[in-house]
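# A look at the structure
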Amino acid sequence: QVQLVESGGGLVQSGDSLRLSCVVSGLTFSDYTMGWFRQAPGKEREFVAALNWSGGMSYYANSVQGRFAISRDNAKNTVYLQMSSLKSEDTAVYHCAAAYGWPGSDSEYYDYWGQGTQVTVSS
């Protein structure tokens, strides 16, 4: 059974930093591209960042480029999202997802999803 479990969300102030983690089990983690997506209340889910199996190729949404950094530790089956200079518009539930191959920002090609962790940024 494949499981993706996010953690690290919380309530922070504008300008603060936060690191999200996602621990994966039930699949060969190092074979998969990992992505982060987010969904704010009343809005569609949107892509945040993706990282290929080796960590050598990454891709970011324009809205987070330069503020967020995705990384992974294949020995720990964990992907991270370091978020800096947080803004109120970053408030959302953040989900990690796993995909075989390189789907980039296309959520349709991500096969496995976590339940999400809430990030709330107060201004």
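What comes next is a walk through the structure. This structure is a prediction, so every number in the text was calculated from the model and none was measured.

Rules and cut-offs
The residue count restarts for each chain, going from 1 along the sequence in the order it is written. Selection of residues for local features in this predicted model requires a pLDDT of at least 70, selection of side-chain atom pairs for listing and counting requires 80 or more, and totals for whole chains, interfaces and linings are taken over all residues. By convention in this description, side-chain values take in all heavy atoms of the structure and omit both hydrogens and water. By definition here, a salt bridge exists when the distance from a side-chain nitrogen of Lys or Arg to a carboxyl oxygen of Asp or Glu is within 4 Å. Each helix corresponds to a stretch of at least 4 residues labelled H or I by DSSP, and each strand to a stretch of at least 2 residues labelled E; elements are numbered beginning at the N terminus. Here's how the labels work: a residue is buried when its accessible area is under 20% of the maximum for its type, exposed when over 50%, partly exposed in between, all with a 1.4 Å probe on protein chains only. Like-charged residues are merged into a patch within 9 Å and nonpolar side chains (Val, Leu, Ile, Met, Phe, Trp, Tyr) within 5 Å, provided each residue has over 30% relative accessible area and no salt bridge. Calculation of accessible area relied on Shrake-Rupley with a 1.4 Å probe; when residues are assessed, cover is drawn exclusively from the protein chains displayed. For two strands to count as paired, DSSP must find a minimum of two bridges between them. Note on definitions: angles span 0 to 180 degrees between N-to-C directions of axes, and those axes are lines fitted to C-alpha atoms, for helices only across the stretch in contact.

### Remarks on the pattern of salt bridges
- For the coordinates displayed, the defined rule picks out 3 salt bridges.
- Across the pair Asp90 and Arg38 runs a salt bridge whose closest N-O atoms are separated by 2.9 Å. With Asp90 in the loop between strand 8 (78-83) and strand 9 (92-100) and Arg38 in strand 4 (residues 32-39), the pair connects residues that are 52 residues apart, well separated along the chain. The two residues Asp90 and Arg38 agree in class, both being buried.
- With its nearest N and O atoms 2.8 Å apart, the salt bridge here joins Asp90 to Arg67. Here Arg67 lies in the loop between strand 6 (58-60) and strand 7 (68-73) and Asp90 lies in the loop between strand 8 and strand 9, a separation of 23 residues in the sequence. By the burial criterion, Asp90 is buried, and Arg67 matches it.
- Each of the salt bridges in this network shares a partner with another, and the network as a whole consists of Arg38, Glu46, Arg67 and Asp90.

### Looking at a nonpolar patch on the surface
- Residues Met57, Tyr59 and Trp102 make up a contiguous nonpolar surface patch of about 290 Å² in total accessible area.
- Mapped onto the fold, Met57 is located in the loop between strand 5 (46-51) and strand 6.

### A look at the sheet that holds strand 7
- An order of 1-3-8-7 is seen for the 4 strands of this open sheet, with the pairing classed as antiparallel. This sheet does not close on itself; its edge strands, each paired only once, are strand 1 (3-7) and strand 7. Shown here is a sheet whose adjacent strand axes are inclined to one another by a mean of 15°, direction ignored.
- Sheet topology note: the strand 7/strand 8 ladder contains 6 bridges and is antiparallel. Residue pairing across strands places Arg72 opposite Val79, the latter belonging to strand 8.

### Considerations on the pairing of strand 4
- Within strand 4, 7 of the 8 residues are buried, which leaves it mostly tucked inside the rest of the structure.
- Where strand 4 lies against strand 9, 8 bridges are found, and the strand directions are antiparallel. Each bridged residue has a counterpart across the sheet, and for Phe37 the counterpart in strand 9 is His95.
- In this sheet, strand 5 lies alongside strand 4 in antiparallel orientation, the contact comprising 5 bridges. Bridge assignment links Gly35 to a residue of strand 5, and that residue is Ala50.

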